[in-house]
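# Coordinate analysis (summary)
One letter stands for each residue in the lines below.
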Amino acid sequence: MPDKLALRINNLSKSYQTKSGTLQALDQISLDIPKGSFFGLLGPNGAGKTTMINIIASLVKKTSGSIIINGKDFDKYQTDLKYSLGIVPQELILDPFFTVYETLEIFASYYGIKKSQRKTLEIITALGLKEKAHNPPRSLSGGMRRRLLIAKALVHDPDIIILDEPTAGVDVELREKLWSYVTKLNKQGKTIILTTHYLEEAEELCDHIAIIDKGQIIANDKKVNLKKIFGKKKFIIEFTKLSPQITKILAKFGDISFNKNILTLEHKTNKLSYLDLIASLTKINVEILNITTKESEIEDIFKNLIYNNNSSLNNT
Ligand code: ADP
């Protein structure tokens, strides 16, 4: 395994036995997650994301396949590897007897972190929990509990941080605090793996993205490459006067729509350039007032892959 990988998942499968039969939640998933990457794992509800994370968190037992973390087989080195992993699960389960500060200190000592090396105060401050440091978890709001859950996963300074829908139902302030702290940790070299429903978050934060659907990986690449491969380019062109001749020429390049003298052209790939368009329009006598372009966002690519197109593609 290349030593630049934080995580290598190989043919990972999980089937659950349900009343109505066997449910294949993960179907031979293979995924390489580079060290230091900010990796987004996206997919609709029921795609298998939480199952995958819960297997890594040892909460769910895999049916088959292997997981290699920092070059070590997870099955053989599970106890050692727990120090490398900081996993923030979705459920908000906390011990009701200890204050926020105590909870974090207990976890730090559980991981054997010396008092002088603990980051409890830094984490509490970064996640906006300082005012509640001496309150018990039961007195915290839902958003504050989630902050504590995130803090708990970070006390032992893990080099791989896995966040399962960390911002589901939380306010803007926590999102901002969380992302600014997690981005800082990523810049320090930590690998971040994130599942989120907020595709704009993935767009902004992640450098790698895998899209999972019905237990299979349907796209997996650097964000820039995904945009090149699956993206569509939109041109918005303003003419002094729009004519049927213009629309006929431009319709050859893709789907067009127009509003007064402004025409929008959606090209199937990201390859068409301004020059190609202008070259074809100079053949007729036409005056262009303005051209702007808009590239596909991850949200468009996600919707296209999941809802409009069932073709599978894995680029690794
Ligand atoms: P996601 O996190 O992408 O929403 P999940 O991993 O939670 O997806 O679920 C994947 C599939 O496995 C779904 O069809 C879900 O209903 C099923 N599933 C998850 N956990 C269990 C379980 N404990 N028993 C039976 N089926 C389960």
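Everything below is about the structure shown above.
Along each chain, residue indices are assigned from 1 in the same order as the chain's sequence is written. For a predicted model such as this one, the threshold for reporting local features is a pLDDT of at least 70, and the threshold for listing and counting side-chain atom pairs is 80 or more; totals across whole chains, interfaces and linings nevertheless cover every residue. Each side-chain value is derived from all of the structure's non-hydrogen atoms; neither hydrogens nor water enter the calculation.

### Considerations on the overall build of the protein
Helices and strands together make up the secondary structure of the protein, namely eleven helices and 14 strands. Overall size of the protein, expressed as C-alpha extent along the three principal axes, is 75 × 45 × 40 Å. Counting all 316 residues of the protein, 47% fall into the buried class. Taking contacts inside the protein between residues at least 6 apart in sequence as the whole, the part at least 24 apart equals 69%. All accessible-area figures derive from a Shrake-Rupley calculation using a 1.4 Å probe, and residue coverage is judged against the displayed protein chains alone. Carbon and sulfur atoms make up 51% of the accessible area of the protein, which amounts to about 16,300 Å² in all. Just so you know, the count uses Lys and Arg for positive and Asp and Glu for negative, and it drops His and the chain ends. A charged residue contributes its charge at one atom only: NZ of Lys, CZ of Arg, CG of Asp or CD of Glu. Within the protein, one finds 44 positive and 35 negative side-chain charges whose respective centroids are separated by 2 Å. Every helix listed is a DSSP run of H or I at least four residues long, and every strand listed is a run of E at least two residues long, numbered separately from the N terminus. Burial status follows relative accessibility: with a 1.4 Å probe on protein chains alone, a residue under 20% of its type maximum counts as buried, one over 50% as exposed, and anything between as partly exposed. Here, residues are in contact when the closest pair of their heavy atoms is within 4.5 Å.

### Some details on the packing of aromatic side chains
Between 30 and 60 degrees the pair is tilted, below 30 it is stacked and above 60 it is edge-to-face, where a pair is any two Phe, Tyr or Trp rings, Trp via its six-membered ring, whose centres lie within 6.5 Å. All told, the structure shown has three aromatic pairs when counted by the stated rule. Summarising the aromatic geometry, the rings of Tyr 110 and Tyr 111 are spaced 5.1 Å apart at their centres and angled 75° between planes, so their arrangement reads as edge-to-face. One aromatic cluster is present, formed by Tyr 83, Phe 107, Tyr 110 and Tyr 111 through successive ring pairs. Above the ring of Tyr 77, the side-chain terminus of Lys 72 is found at 5.2 Å from the ring centroid. The rule for a charge over a ring is simple: NZ of Lys or CZ of Arg within 6 Å of the ring centre, and within 35 degrees of the ring normal. Residue placement shows Arg 175 over the ring face of Tyr 198; its charged tip is 3.8 Å from the ring centre.

### What about the site of the ligand?
Throughout, the term near means that a residue has one or more heavy atoms lying within 4 Å of the molecule or strand in question. In the vicinity of the ligand, the residues found are Tyr 16, Thr 18, Leu 23, Ala 25, Pro 44, Asn 45, Gly 46, Ala 47, Gly 48, Lys 49, Thr 50 and Thr 51. We define a polar contact as two N or O atoms separated by no more than 3.5 Å, with the added condition that, inside protein, one atom must be a possible hydrogen donor and the other a possible acceptor, whereas residues neighbouring each other in sequence contribute only through side-chain atom pairs. One nitrogen or oxygen atom from the side chain of Tyr 16 is found 3.4 Å from a nitrogen atom belonging to the ligand. Within the backbone of Ala 47, a nitrogen or oxygen atom sits 3.1 Å from an oxygen atom of the ligand. If the ligand stood free it would expose 570 Å²; the protein chains cover 62% of that surface. The set of elements that each furnish at least two residues to the shell around the ligand consists of strand E1 (5-18), strand E2 (21-34) and helix H1 (49-56). Here the element with the most residues in the shell around the ligand is H1; it accounts for three residues. In the scheme used here, Gly and all other residues not listed as nonpolar or charged are polar, with Ala, Val, Leu, Ile, Met, Phe, Trp, Tyr, Cys and Pro taken as nonpolar and Asp, Glu, Lys and Arg as charged. Of the residues belonging to the shell around the ligand, the class tally is five nonpolar, six polar and one charged.

From the geometry alone we can't say anything about function, so treat these as descriptive.
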